[in-house]
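For reference, the chains in residue letters:
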Amino acid sequence: VPVQIVTAQPVPAAVPTRITVAGGGPSAPASRWYLTGDIGFATLSEATNTGVGVANEHAYDAGPALAFAVGNQRTPTLGFEGELATRRFGMSTITPSGGSPVTATGTVSTLSLLGNVKWAPEFNWRFNPYLLGGAGIAQHKMTDVAAAGAIGAPEVSTSERSSTA
């Protein structure tokens with residue numbers, strides 16, 4: 001009685017390379033969450049303070065800056081962020097209207113909360129440029145600001161003043 005031995009090669013199971021949805025196109029990639037932060041120094045441009053009986057120009061020293069953002073990358077090109085930042089500056093000089101600059105002391109701090117939209121087109125370059133825009137609110141606080149001997153205006157002094165923009 002002849003014996004026949006048959007060997008068979010296993011056939012690999014077909015693995016889809018693309019997951020399709022009812023519309024027939026590829027599914028959207030899952031969004032991803034991320035956390036980012038910045039630490040460094042910031043500058044504050046000169047500011048003018050005007051009002052009834054007041055016309056001063058303020059100059060500031062550079063100071064530390066700290067920011068954290070939580071974001072969600074919805075698609076490869078579109079993301080959303082929420083950012084909390086703080087900055088602190090020293091007063092440099094105060095110049096009263098018609099007077100000369102006077103050395104000032106004190107600190108100015110800013111706390112801000114922003115909502116941002118990030119758009120990063122895919123250029124396939126060595127670096128990835130992006131556009132970031134948003135809106136938010138900020139609290140600007142002046143603490144122990146003084147400029148004794150200001151010529152052309154009474155002494156400028158405040159122990160704590162804040163404003164929300």
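Just so it is clear, the structure is predicted and the values come from calculations on it, not from any experiment.

**Student:** So what exactly am I meant to see when it comes to the overall build of the protein chain here?
**Tutor:** A count of helical and extended segments in the protein chain gives 0 helices and 9 strands. Counting from the amino terminus, helix and strand elements in the protein chain follow one another as β-β-β-β-β-β-β-β-β. The buried share among the 165 residues of the protein chain stands at 24%. In the protein chain, the proportion of contacts linking residues at least 24 apart, taken out of those at least 6 apart, comes to 56%. Accessible surface for the protein chain amounts to roughly 11800 Å². Of this, 59% is attributable to carbon and sulfur atoms.

**Student:** What is the right way to look at the confidence of the model for the protein chain in this model?
**Tutor:** Reading fine detail from the predicted coordinates is not recommended where pLDDT is low. Put simply, the protein chain has an average pLDDT of 76, and 72% of its residues get 70 or more. Between the elements of the protein chain, mean pLDDT differs from a low of 44, seen in strand β9 (residues 156–164), to a high of 94, seen in strand β4 (residues 63–73). Here residues 151–165 is a poorly scored stretch, pLDDT under 50, and it has 40 contacts once near neighbours within four places are set aside; other chains count.

**Student:** What's the story with the packing of aromatic side chains in this structure? I'm lost.
**Tutor:** In this description, an aromatic ring pair is defined by two values, namely the gap between the centres and the angle between the planes. Evaluation of the coordinates by the stated rule reveals 2 aromatic pairs. For the pair F123 and W125, a centre-to-centre distance of 4.4 Å together with 15 degrees between the ring planes defines the contact as stacked. Classification of W125 by relative accessible area gives partly exposed; the value is 47%. Seen from their ring centres, W125 and F127 are 5.6 Å apart, and the 55 degrees between their planes marks the pair as tilted. Accessibility expressed as a relative area gives 54% for F127, which makes it exposed. Ring pairing ties together the aromatic residues F123, W125 and F127, which thus form one cluster. Over the face of the ring belonging to Y130 we find K118, whose NZ or CZ atom lies 5.0 Å from the ring centre.

**Student:** Sorry, what's going on with unusual backbone geometry here?
**Tutor:** Among all residues save glycine, negative phi is the norm, and among peptide bonds the norm is trans. Here the phi dihedral of N124 falls at roughly 60 degrees; this positive angle occurs in a residue that is not glycine. By secondary structure assignment, the location of N124 is in the loop between β7 (105–119) and β8 (131–147). A positive phi angle is found at D144, which is not glycine, with a value near 50 degrees. When you line up the elements, D144 lands in strand β8.

**Student:** Whenever I open this one, the nonpolar core confuses me. Can you help?
**Tutor:** Burial of nonpolar side chains together is a common tendency in soluble globular proteins. Core analysis: the biggest nonpolar cluster contains 12 residues, these being A42, Y60, A65, F89, M91, I94, V102, A104, V108, M142, V145 and A147. Secondary-structure elements contributing two or more residues to this core are β5 (78–96) and β8.

**Student:** Could you clarify how one ought to interpret the side chain of T110 in this entry?
**Tutor:** Among the structural elements, T110 can be located in strand β7. In this structure the side chain of T110 is engaged in a polar contact, spanning 3.0 Å, whose partner is the side chain of H140. Here T110 is in contact with A85, T86, R87, F89, A138, Q139 and H140, once residues within four sequence places are set aside.

**Student:** Teacher, can you tell me more about the environment of T95 here?
**Tutor:** For T95, the position within the fold is in strand β5. Not counting residues within four places of it along the chain, the set of residues in contact with T95 comprises A55, N56, E57, S100 and P101.

**Student:** How should I be thinking about the pairing of β7 in this particular structure?
**Tutor:** Walk down a regular strand and you will see the side chains alternate between the two sheet faces. In terms of strand pairing, β5 meets β7 through 13 bridges, oriented antiparallel. Counted as the bridge partner of R88 is S109 from β7. Of the pairings in the sheet, the one linking β7 to β8 comprises 14 bridges and is antiparallel in character. Following the sheet pairing, K118 is matched in β8 by L132.

What counts and how
- Residues numbered from 1 in each chain as written.
- Predicted model: local features only at pLDDT ≥ 70, side-chain atom pairs only at ≥ 80, totals over all residues.
- Heavy atoms only, no water.
- Helix = DSSP H or I, 4+ residues; strand = E, 2+ residues; numbered from the N terminus.
- Buried < 20%, exposed > 50% of the residue type's maximum accessible area, 1.4 Å probe, protein only.
- Contact = heavy atoms within 4.5 Å.
- Areas by Shrake-Rupley, 256 points an atom, 1.4 Å probe, with all protein chains shown as cover.
- pLDDT = per-residue confidence, 0-100.
- Phe/Tyr/Trp six-rings, centres within 6.5 Å; stacked < 30°, edge-to-face > 60°.
- Lys NZ or Arg CZ within 6 Å of the ring centre and 35° of its normal.
- Core = buried A, V, L, I, M, F, W, Y, C linked by side-chain atoms within 4.5 Å.
- Polar contact = N/O pair within 3.5 Å; in protein donor to acceptor, adjacent residues only side chain to side chain.
- Pairing = 2+ DSSP bridges.

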